[in-house]
Each structure stands twice: as structure tokens, then as C-alpha cells.
Amino acid sequence: MNILVIGSGGREHALCWSLSKSPLIDTLYCAPGNGGVEEVATCVPIAVDDIPAILEFCETQNIGFVVVGPELPLVLGLVDALSAAGIQSFGPTSAAAALEGSKGFMKDLCRDFNIPTAAYARFTNAESAKEYVEGQSLPIVIKADGLAAGKGVIIAETMAVATTTIDDIFGGLFGGAGAEIIVEEFMVGEEASFFVLTDGESILPLATAQDHKPVGDGDTGPNTGGMGAYSPAPVMTEEITTATIEQIIKPTVDAMKSRGTPFTGVLYAGLMITATGPKLIEYNVRFGDPECQVLCARLDSDLLPALMATATGKLPNVELKWKQDAALTVVMAANGYPDAYEKNTVINGLPDANSIEDVTVFHAGTQKQAEKILAIGGRVLGITATGKTIKQAQEKAYSGVTSINWPQGFCRSDIGWRAVDREYRDQ
């Protein structure tokens, strides 16, 4: 059949790279894709939120299944529109996508169904939010309710930063996403990412992963969409994984079904592993980026049947196999990210990086013009490598980084440091 992937980031490049291996696919399309996706799929210039154009393309190209990558079209109702047109797809309906589209919705669901998460309060005006914060301990977490491209979370270390942040968000820092804010207690622990496929009733856990959100080494600086990731995540022990499934994932899937908005697709739980067990930080309703890159690098099965099973209710019949090797992704971003950065700079050395054994460069914010690859986004490349250990994967990935000639780019130098430290201590 013909398959259409929606999106233009590193996640979508990884999905297309994995799907391109499937013998079940005749033609693989990606809308709009990027400079790297072109190597494994046919890119079409359709924006991810142009639902009428996507529907028309599906009809004219006889698309049998659509894989929706990013959160925006899910929240806008792309899956609903595809379903109404008789086209099967991977991802939740707009109502179910509220798990990511509204942090307040997600927190209220946790409250109503006893899912462990941080204490919180919701506010629609600055005055009441600041009054609440004055009675809380520091640091404290302030979040825009809506979609903010992974940047809508600020950890305020001081009361002055907290009040300024509240004013900035209500003043339009994140546009309409900041019409409401959530103020949360600061949780102490180690973060991890946990993914399951679900058909609305049954679940299929995927390999574990962990990402690095802060922009700087040592997990310092402002949060980003993700500066790197690795899999497996040593912090996700069998005990923690079981607790996550039983206390967080299953209650959420059951709750969404009971509300009449069953969740299908991939459910991504951002976790804090605390001294008392896992707690939910947030839900995402799509694969993480860059976690998707390390998961695809380790996947040893055809991805397409698993994605299709979430839409057909046949997930219990699916089994996925994973390579024993570890995988690690280092994100190269444009200088200045996550703030202002220069665009349309030339990237050289990509063939050299891709020629290194066990290294694959996934593109995110790139565009191909003539024979040149230009950087047009904030997060631009995801240099991904596999190895027997996370340390080996780390060394290979950074070898790929040094092969790339892009003076206007930067990356963290310590992706995977927690896992590497654990490997060293376990020796």
C-alpha cells in the first residue's frame, strides 16, 4: 500500500527510515519532509496543519495509511478528518490528543483517576497565580497550558523569576498556548521517557529511553525540545517499569476509554523517578523527538504492522523485537537555540558522518537546495549511533559529530552521561 507520514522533523526522518524497510509499502510519502527524508521517501510540499490538502493528497495518491508525527495536526483533528474520509491512520483523535494539547486537562485526569503526579493549580489570570505562588516553596514549575513547541515549561528558582514568568506568559510569551497556566510543585528525581502503543484498550510497551531537555552540559540552561537521547534507560528497572504501567499507563488508557475518548496511537509518558516511585510529569500524544531516533535505531521488526494495529484493534497480535545494542542520539542545533538563531547556513560533511559504522544522521531542521543541505531550524541534526554499551554508542555518535563541518551549529558534549556513569560503576 501507499503510506503517508506527516511531519518535517528528526522524528519523521527516523519513522520514514524505519518504514522504508517494510515490504508492505509500495510508495512512501512524507509531508512536508526535510533535506534528509528525501533519501528514503518522496517529500510533498504540504504543511502539517493543512488538513484539506492532506485529505486531497490521500485521495489522489490512493494512500492506505497515514502516520501522523507531530502533535499540532493531532490536536487540530487530522485523525478525525481522515477517519471521516475512510482513511486509517496512526494517532489519537482531537479529543484524545487533549492529553498533550492541554496540560490542565492532563492534570485534572490524574487527579480524578489517582494517577501519581506533582501537586498543581490552574490559573487564567496573573494576579491569582502570583498570589498562589507566594504561598509555595521554591523552586516551582510554571507551564503554559497549550502547545508551545516543547518550550512552555519554566522552572523558577526565585520568587522574582516566578512572578516575571507569570507576567510574561500571560503577556503573550507563548501566544495562545499561555491563555492559562499550570503551577506545579518541583519534583526531585531522574527523568525518563516511557512509550506504549495502544489501540484504546490494550497496550504494547516499547523500549525504554531517556532524553536531555536542558540546552547546556550538566543539564543546565533553559529547556529545549530535546538535545539528545539514549536507549535503553538504566533508571527504568523492571520494578519501575511495572509500576509505571500499572499506576500510570493503564489507568490513563482506561480513563480515556471511560470518558468516551479512547486513546489510540503512541502514548508517551514523561516521568520523574522519585524516591517514592514514578510520577507523571506530562503526556505527549506522539513519539518523542529525539527519543524516536534511538527507538528506531534499536527496533528489529517491521514497524508498519504495529502502527496499523493501533487503528484496527489488533495490537494484542503484535510482537516487536529489539536489538540488544544500545543507541544514542546527539542533537546538533543552530547557535543561539532555543532563542534566536541564524538560518540558511550550509552544512558539510554529512556523507562522512553517515559512512561511520553504526552511525546514521537524522535530519530535522534542514532543507536541500541544489546539492547543498541548509540549516533552517533550531534543532537541525540528530547524529545517532548504536553500540554494545551506551558508552560505545556515545563515542560513535560524537565521532559523527566531529565529521560534520557546520560552524554555525553546536551540541552538548555529555549526552548519555548518567547512563555512562552507571555503566562505569557497574564494571
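To start, this report covers the structure provided alongside it. Throughout this description, residue numbers start from 1 for each chain and increase along the sequence as written. Two thresholds apply to this predicted model, a pLDDT of at least 70 for residue-level local features and 80 or more for giving and counting side-chain atom pairs, whereas whole-chain, interface and lining totals are computed over all residues. Excluded from the side-chain calculations are hydrogens and water; all other atoms, namely the structure's heavy atoms, are used.

A count of helical and extended segments in the protein gives 14 helices and 24 strands. In terms of C-alpha radius of gyration, the protein reaches 21 Å, essentially the compact-globule figure of 22 Å for 427 residues. Seen through its C-alpha atoms, the protein measures out along the principal axes to roughly 60 × 45 × 45 Å. Summary of the burial criterion: residues with accessible area below 20% of their type's maximum are buried, those above 50% are exposed, and those between are partly exposed, where the area comes from a 1.4 Å probe applied to protein chains only. When the 427 residues of the protein are sorted by exposure, 57% land in the buried category. Residue burial considers only the protein chains on display, and all accessible areas are found by Shrake-Rupley using a 1.4 Å probe. Approximately 17000 Å² of the protein is accessible, and the part contributed by carbon and sulfur atoms is 49%. When charges are counted, Lys and Arg are positive and Asp and Glu negative, with His and the chain ends excluded. Taken as the charge centre is NZ of Lys, CZ of Arg, CG of Asp or CD of Glu, depending on the residue. If you average the places of the 30 positive and of the 52 negative side-chain charges in the protein, the two averages end up 3 Å apart. A helix here means a DSSP run of H or I that spans at least four residues, while a strand means a run of E at least two residues long, and both kinds are numbered starting from the N terminus. Each radius of gyration is computed over the set of C-alpha atoms, and the globule rule expresses the reference value as 2.2 Å times the number of residues to the power 0.38.

For Gln394, the position within the fold is in helix 13 (residues 390–403). Each C-alpha atom, one on Gln394 and one on Asp414, is 8.8 Å from the other, the two residues being 20 residues apart in sequence. Leave out the neighbours within four places in its chain, and Gln394 touches Leu328, Asp414, Ile415, Gly416, Trp417 and Val420. Contact criterion: two residues are considered in contact whenever any of their non-hydrogen atoms come within 4.5 Å of each other.

Another aspect to go through is a nonpolar patch on the surface. Note on patches: the residues involved have over 30% relative accessible area and no salt bridge, like charges join within 9 Å, and the nonpolar side chains Val, Leu, Ile, Met, Phe, Trp and Tyr join within 5 Å. Salt bridges are defined by distance alone: a side-chain nitrogen of Lys or Arg within 4 Å of a carboxyl oxygen of Asp or Glu. Together, Ile155, Phe186 and Val188 give the surface a local cluster of nonpolar side chains, amounting to about 260 Å² of exposed area. Inspection of the secondary structure assignment puts Ile155 in strand 8 (residues 153–156).

Buried and open spaces are told apart on a 1 Å grid over the protein atoms alone, a cavity being a set of points where a 1.4 Å probe fits but cannot get out and a pocket being an open set with protein on both sides within 12 Å along at least five of seven lines. Residues with an atom within 4 Å of a point are the lining residues. Grid points are joined across faces, edges and corners, and a volume is the space filled by probe spheres set on the points. Here the structure, examined in full by the defined rule, presents 1 cavity of 30 Å³ or more. Each pocket or cavity is described by its volume, and for the largest cavity that value is around 80 Å³. Sorting elements by how many residues they give to the lining of the largest cavity places helix 10 (residues 291–298) first, with 3 residues. Residue type decides the class: Asp, Glu, Lys and Arg count as charged, Ala, Val, Leu, Ile, Met, Phe, Trp, Tyr, Cys and Pro as nonpolar, and the leftover types, Gly among them, as polar. By residue class, the composition of the lining of the largest cavity is 11 nonpolar, no polar and no charged.

Right, let's get into the layout of surface pockets. Considered as a void within the structure, the second largest pocket measures approximately 280 Å³ in volume. Lining of the second largest pocket is provided by Lys151, Val153, Ile154, Leu173, Phe174, Pro222, Asn223, Pro338 and Asp339. Going through the elements one at a time, strand 8 and strand 14 (220–223) are the ones with two or more residues in the lining of the second largest pocket. For the lining of the second largest pocket, the residue count by class is 6 nonpolar, 1 polar and 2 charged.

Bringing the nonpolar core into the picture now. What makes a nonpolar core is a set of buried Ala, Val, Leu, Ile, Met, Phe, Trp, Tyr and Cys residues whose side-chain atoms join them at distances within 4.5 Å. Of all hydrophobic cores here, the largest spans 48 residues; its most connected members are Leu4, Ile6, Val66, Met236 and Tyr283. The element best represented in this core is helix 9 (residues 238–258), accounting for 7 residues. Those residues in contact with Val66 that lie beyond four places of it in its chain are Leu4, Ile6, Cys58, Leu82, Ile87, Gln88, Ser89 and Phe90. Residues Leu295, Leu307, Leu320 and Phe362 belong to the second largest nonpolar core, which totals 42 residues.

Below, the discussion takes up the packing of helix 13 against helix 14 (residues 417–426). Angular values range over 0 to 180 degrees, each being the angle between N-to-C directions of two axes fitted as lines to C-alpha atoms, with helices fitted over their stretch in contact. Across the interface, helix 13 lies against helix 14 with an axial gap of 9 Å and an inter-helix angle of 135 degrees. As the angle between them shows, helix 13 and helix 14 are arranged oblique. Of helix 14, the residues touching helix 13 (which contributes Ile390, Lys391 and Gln394) are Trp417, Ala419, Val420 and Glu423. The class makeup of the residues in the contact of helix 13 with helix 14 is 4 nonpolar, 1 polar and 2 charged. Reported orientations rely on four angle classes, namely roughly parallel under 35 degrees, roughly antiparallel over 145, roughly perpendicular from 65 to 115, and oblique for the rest.

Going through the model one piece at a time under the given rule, you end up with 20 salt bridges. In this structure, Asp108 engages Arg122 in a salt bridge whose closest nitrogen and oxygen atoms are separated by 2.4 Å. Note that Asp108 is positioned in helix 6 (residues 103–112) and Arg122 in strand 6 (residues 120–123), a separation of 14 residues in sequence. Here Asp108 falls in the buried class, since its relative accessible area comes to 16%. The salt bridge involving Arg412 is made with Asp219; its shortest N-O contact spans 2.8 Å. Placement of the pair is Arg412 in the loop between strand 24 (409–410) and helix 14 and Asp219 in the loop between strand 13 (214–216) and strand 14, with a sequence separation of 193 residues. Residue Arg412 is classed as buried on the basis of its relative accessible area, which comes to 1%.

The contact between helix 1 (residues 10–19) and helix 11 (residues 303–312) brings their axes to 8 Å, and the two run at 115 degrees. With respect to their mutual orientation, helix 1 and helix 11 come out roughly perpendicular. Listed contacts from helix 11 to Leu15, Ser18 and Leu19 of helix 1 are Leu303, Leu304 and Leu307. When the residues that make up the contact of helix 1 with helix 11 are grouped by side-chain class, the tally is 5 nonpolar, 1 polar and no charged.

The next thing to look at is the side chain of Thr117. Topologically, Thr117 is positioned in the loop between helix 6 and strand 6. In protein, a polar contact means a hydrogen-donor-capable atom and an acceptor-capable atom, both N or O and within 3.5 Å, with residues adjacent in sequence counting only if both atoms are side-chain atoms; elsewhere, any N or O pair within 3.5 Å suffices. Among the polar contacts listed, one links the side chain of Thr117 to the side chain of Lys107, at a separation of 2.8 Å.

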